[in-house]
Amino acid sequence: MLLAKHFTYLLFLGGRLHQQKEGSREDCFSIVMDNIRRYLGAQRVPWPWTRRDNTPNESSPLIQKVDADENAHKTTKLHGVVATDKQEPGSKHIHPHSSIYCSLDYFLKYLLVLSNLMFSVMGLLVLGLGVWGLITKESLAQERIGSIGTDPMLLLVTAGLLLTFLCLSGCVGALRENGCLLKVFSGTLLVLITAQVLALIVVYNVQVQIENVLRLGMLAAVAGYQDDLDLRFITDEIQSNLQCCGADTYRDWEINIYYNCSAPGVLACGVPATCCLYPRGNGTVWNSQCGLGAQRLTEFSAQSVVFLGGCLGEMSRWMQQHQGLIGTVVGVILGVQILTVLVTIRLQKRLNDIKLMHNRI
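Here goes a summary of the coordinates provided. What you see is a predicted model; the values in this text were computed from it and never measured.

**Concerning the overall build of the protein**
Here is step 1 of the chain: From N to C terminus, the protein includes 11 helices and 2 strands.
Here is step 2 of the chain: The burial tally for the protein puts 27% of its 361 residues in the buried class.
Here is step 3 of the chain: If you sum the accessible surface of the protein, you get close to 25200 Å²; carbon and sulfur atoms cover 63% of it.

**Concerning unusual backbone geometry**
Both trends apply: most residues other than glycine have a negative phi, and most peptide bonds are in trans.
Here is step 1 of the chain: Despite not being glycine, Gln243 shows a phi value in the positive range, around 55 degrees.
Here is step 2 of the chain: Relative to the assigned elements, Gln243 resides in the loop between α8 (229–242) and α9 (299–302).
Here is step 3 of the chain: Of note in this structure, Cys269 is not a glycine but carries a positive phi near 60 degrees.
Here is step 4 of the chain: For Cys269, a relative accessible area of 3% puts it in the buried group.

**Side note on a nonpolar patch on the surface**
Here is step 1 of the chain: A cluster of nonpolar residues, Leu114, Leu117, Val121 and Leu125, forms a patch on the protein surface that exposes about 400 Å² of accessible area.
Here is step 2 of the chain: Within the element layout of this structure, Leu125 appears in helix α4 (residues 103–136).

**Things to note about the state of the cysteines**
Here is step 1 of the chain: Applying the stated criterion to the full structure yields 4 disulfides.
Here is step 2 of the chain: In this model Cys244 forms its disulfide with Cys311; the gap between the sulfur atoms is 2.0 Å. Looking down the S-S bond of the Cys244 and Cys311 bridge, the torsion is 90 degrees, so its handedness is right-handed. Taken as a pair, Cys244 in the loop between α8 and α9 and Cys311 in helix α10 (residues 311–321) lie far apart in primary sequence, 67 residues in all.
Here is step 3 of the chain: Looking at Cys244, the relative accessible area reads 0%, which means it is buried.
Here is step 4 of the chain: A sulfur-sulfur distance of 2.2 Å marks the disulfide that ties Cys245 to Cys275. Across the S-S bond linking Cys245 and Cys275, the dihedral sits near 85 degrees, which makes this disulfide right-handed.

Conventions we followed
Residues numbered from 1 in each chain as written. Predicted model: local features only at pLDDT ≥ 70, side-chain atom pairs only at ≥ 80, totals over all residues. Heavy atoms only, no water. Helix = DSSP H or I, 4+ residues; strand = E, 2+ residues; numbered from the N terminus. Buried < 20%, exposed > 50% of the residue type's maximum accessible area, 1.4 Å probe, protein only. Areas by Shrake-Rupley, 256 points an atom, 1.4 Å probe, with all protein chains shown as cover. Patch = residues over 30% accessible without salt bridge, like charges linked within 9 Å, V, L, I, M, F, W, Y side chains within 5 Å. Salt bridge = Lys/Arg side-chain N within 4 Å of Asp/Glu carboxyl O. Disulfide = S-S within 2.5 Å.

Spelled out as C-alpha cells, the structure:
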C-alpha cells in the first residue's frame, strides 16, 4: 500500500510537468525533482532487504508506552502465566518472578504419584491372586457359579479392583494434574475414611453382638469343615495359629456330621489334626490321625492330647494383649489416608489458582 501511494504521487507530479508549456518545462522539471527528493527523504520505503533499526538514540523520540508494556509483559511470563500490574479489587498480588509451585508442592506431587503407583501394583497383585484362586478352584464353572458369592476369593477380587481403580486415579490425576481424577480420588478416599471410622465406632459399641456373630460363623465353619475347602483352610489356620479347638470348646466338633460320635467313619468322636498339641509327634511328618477319639476322653485326659479352649476366647485374649499394636496400626492407616487427602486437596487448590489466573488474563 505504501509503494502504491509513492507511485500515485509520482504520476501526479508527472502529470503536472506534462501540462506546463514548453518554455517553462525545464524550470518545472527541477521543481518536481526537488519535491520528489523531499518526499522520499521524509517517507522511508520498507524494502524487503532493509532492517528496521529500533535502537533509541539522541534524536529518537521517547519510547512509547505500548512498547514498555510489551517488554514488561514478556518479562513477567512464568510457567505459562502472565502477571500484570493491574489487579482486580480483592485479588492476590503475585510477584512476577515467583513460581506457582514451590519446592514442597513438587515434592508432595511426586510423593503422591509414587505412593499411588506402589499401591496400584499391590492392588493388581491382590486382584491377580483372587482371579488365580477362582480359576484354580473352578469356582467359575457352570455348576459352581451359583455359590460364587460365598467364595473368599471374590473378596480379594473386589478389594483388588477397588484399590487399583482408586490408586490409578490418584496417580494419573497427580501426574497429569487432572482436576477431575483428583476429585474422584479424594472424594472416594473421604468416603472410605468415613466408613472406616464409623465401623470402628460400631465395633467398639457392639462388642457383645459381634462376639455372637463370630461364634455363629465359627460354628458354621466347624459344621462345613469337610464340605468346603475354603472353610477348612481358614479353620485350620485359626486353630493352628491361636492354638485352640472349636468355637468355645473342643467338643464343638460334635456338630460336624463326620466327627459326630454317631458317625460311621473313622473320624467319629474325633477332632482335626490342627487341634492336637503335637500334630507332628516327635518327627517332621504330619500325623492327621492324632485327634481321633479325642471327644471320648475326659478333659483331664484330653488336655495332654488336644487344645481344650475354643478359638473365640483365644481371639479375645490375643486382642487384649495386643491393644497397643492394633491401635497403632489402625492410627497409622487412617493417618496415611487423611494425609493423602490433604495433599490431594493442596494440589487441587494450586490447579484452581492457575486456572483463576489464566481467566483473569
